Amino acid sequence: MERFRAFLRRKNIVFSAKRYGVDALGAMAQGLFCTLLVGTILDTLGTQFHIGFLSATVVTVGSGEAAVGYTIGGLASLMVGPAMAVAIGSALQAPPLVLFSLVPVGYATNVLGGAGGPLAVLVIAIIAAECGKLVSKETKVDILVTPIVTVLVGIGAAYLIAPPIGAAASAVGNVIMWATELQPFFMGILVSVIVGVALTLPISSAAICAALGLTGLAGGAAVAGCCAQMVGFAILSFRENRWGGLVSQGLGTSMLQMGNIVRNPRIWIPPTVASAITGPIATCLFQLQMNGTAVSSGMGTCGLVGPIGVYTGWVNDIAQGLRGPIGGMDWLGMILICFVLPGVLTWLIGIPCRKAGWIKDGDLKLEN
């Protein structure tokens, strides 16, 4: 057993929640962002602002009636599976031959996983990468053995378990969305708080939302929770971090506060309570829905992805005849939920917390 453990250490294979649940999940979200999310944004910009090179077909795959045309954004979105798999492999510190072999594995897994493709990619890419690492540089024909093992294990596992994983993830997401529609007030609170907290923790709320296919009212509540954390911390810590902190947290990530949260968990109270308030306002008052890509539900104001996703959903619904034109209440709801209420509520809730001594000057200071 000790020899086996030594072998695993030599191969840099570490079975831990941090490596698989934090490092790999976070990397997967980056792969999602760089392909599916960026592609969606580019397509939206091209369509809405009539930008020729963004809305034009640049590549056509197939011929005749089976031909499919892709824009720049469409091509980026098409590569989401390979990008996620390679990102996960990179987080697991896979050697180059393993890393490159994950491209077909990611593509096949995402297709076979259906609506739960991202979760399937997370599981299968981990399996394929670790198996590839086991045989890497163990033979004199490594350039053949390592890619073959990685691809066969990965696509074989994808064929067997990606569809069930995708179906299970989709079912869980559907239950959450159904429950939110049935009980928009209470589920609005739960979804908003849980996804918002996940955004600030060193895990990926975007990957979770994508894996569960979280859209609709539940997606809107998730957007509310993420925005409450990001904008909330940006405003709450303004006296310590000024404009740099406002931008880095409001448009970057509230995860920057994790070190301070560990030192003083009470600083988490104002944005979390704010998310519990904005969640049901989003679901009950404004019926704010995320009908864009599910990954946008877990991004908040990071690069304005959350609001852009909401807007993309409006556009898609209009194109499909599912709703009328975008109205003033739509814009009011998005602005209040994503920007105004998170800042105002967190600031107001922070006042008694500071007076009670729960939050002291310097507690929210970001390290340079």
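Residues numbered from 1 in each chain as written. Predicted model: local features only at pLDDT ≥ 70, side-chain atom pairs only at ≥ 80, totals over all residues. Heavy atoms only, no water.

### What to know about the overall build of the protein
Assigned secondary structure in the protein consists of 16 helices and two strands. In terms of C-alpha radius of gyration, the protein reaches 22 Å, essentially the compact-globule figure of 21 Å for 368 residues. For the protein, buried positions account for 49% of its 368 residues. Nonlocal contacts in the protein, meaning residues at least 24 apart in sequence, comprise 74% of its contacts between residues at least 6 apart. The distance from the centre of the 19 positive side-chain charges to the centre of the 14 negative ones in the protein is 12 Å. (Helix = DSSP H or I, 4+ residues; strand = E, 2+ residues; numbered from the N terminus. Rg over C-alpha atoms; globule rule 2.2 N^0.38 Å. Buried < 20%, exposed > 50% of the residue type's maximum accessible area, 1.4 Å probe, protein only. Contact = heavy atoms within 4.5 Å. Lys, Arg positive; Asp, Glu negative; His and termini not counted. Charge placed at Lys NZ, Arg CZ, Asp CG, Glu CD.)

### As for the packing of aromatic side chains
In total, this model carries five aromatic pairs according to the counting rule given. Residues phenylalanine 185 and phenylalanine 186 carry aromatic rings whose centres are separated by 5.2 Å and whose planes lie at 90 degrees to one another, so their mutual orientation is edge-to-face. Arranged with centres 6.4 Å apart and planes meeting at 75 degrees, the rings of tyrosine 311 and tryptophan 314 form a pair that is edge-to-face. Remark: tryptophan 314 and tyrosine 311 occur in helix H15 (residues 305-319); sequence separation between them is three residues, near one turn of the helix. (Phe/Tyr/Trp six-rings, centres within 6.5 Å; stacked < 30°, edge-to-face > 60°.)

### Let's talk about helix H9 (residues 184-200)
The terminal C-alpha atoms of H9 lie 24 Å apart, and with 17 residues this matches the ideal 24 Å at 1.5 Å per residue to within 8%. Turning to H9, its buried residues are Met187, Gly188, Val191, Ser192, Val195, Gly196, Ala198, Leu199 and Thr200. Contacts made by the buried residues of H9 are with helix H8 (142-182), helix H10 (205-212), helix H11 (216-236), helix H13 (258-263) and helix H14 (269-285). (Expected span 1.5 Å × (residues − 1).)

### Some thoughts on the pattern of salt bridges
By the definition in use, this model includes 10 salt bridges. When the shortest N-O distance is used, the salt bridge between aspartate 23 and lysine 18 registers 3.1 Å. (Salt bridge = Lys/Arg side-chain N within 4 Å of Asp/Glu carboxyl O.)

### A word on the environment of methionine 79
The residue methionine 79 is located in the loop between helix H4 (72-78) and helix H5 (80-91) in this model. Linking methionine 79 and tyrosine 107, residues 28 residues apart in sequence, is a C-alpha distance of 7.3 Å.

### A look at the packing of H11 against helix H16 (residues 328-355)
Across the interface, H11 lies against H16 with an axial gap of 7 Å and an inter-helix angle of 55 degrees. Taken together, H11 and H16 sit at an angle that is classed as oblique. By crossing handedness, the relation of H11 to H16 is classed as right-handed. Along the contact surface, H11 presents Val223, Ala224, Cys227, Ala228, Val231, Gly232, Ile235 and Leu236, while H16 presents Ile337, Cys338, Phe339, Pro342, Gly343, Thr346, Trp347, Gly350 and Arg354. When its residues are assigned to classes, the contact of H11 with H16 shows 12 nonpolar, four polar and one charged. (Axes fitted to C-alpha atoms, helices over the stretch in contact; angles between N-to-C directions. Parallel < 35°, antiparallel > 145°, perpendicular 65-115°, else oblique. Left-handed = near helix turned anticlockwise from the far one by under 90°. Nonpolar A, V, L, I, M, F, W, Y, C, P; charged D, E, K, R; others polar.)

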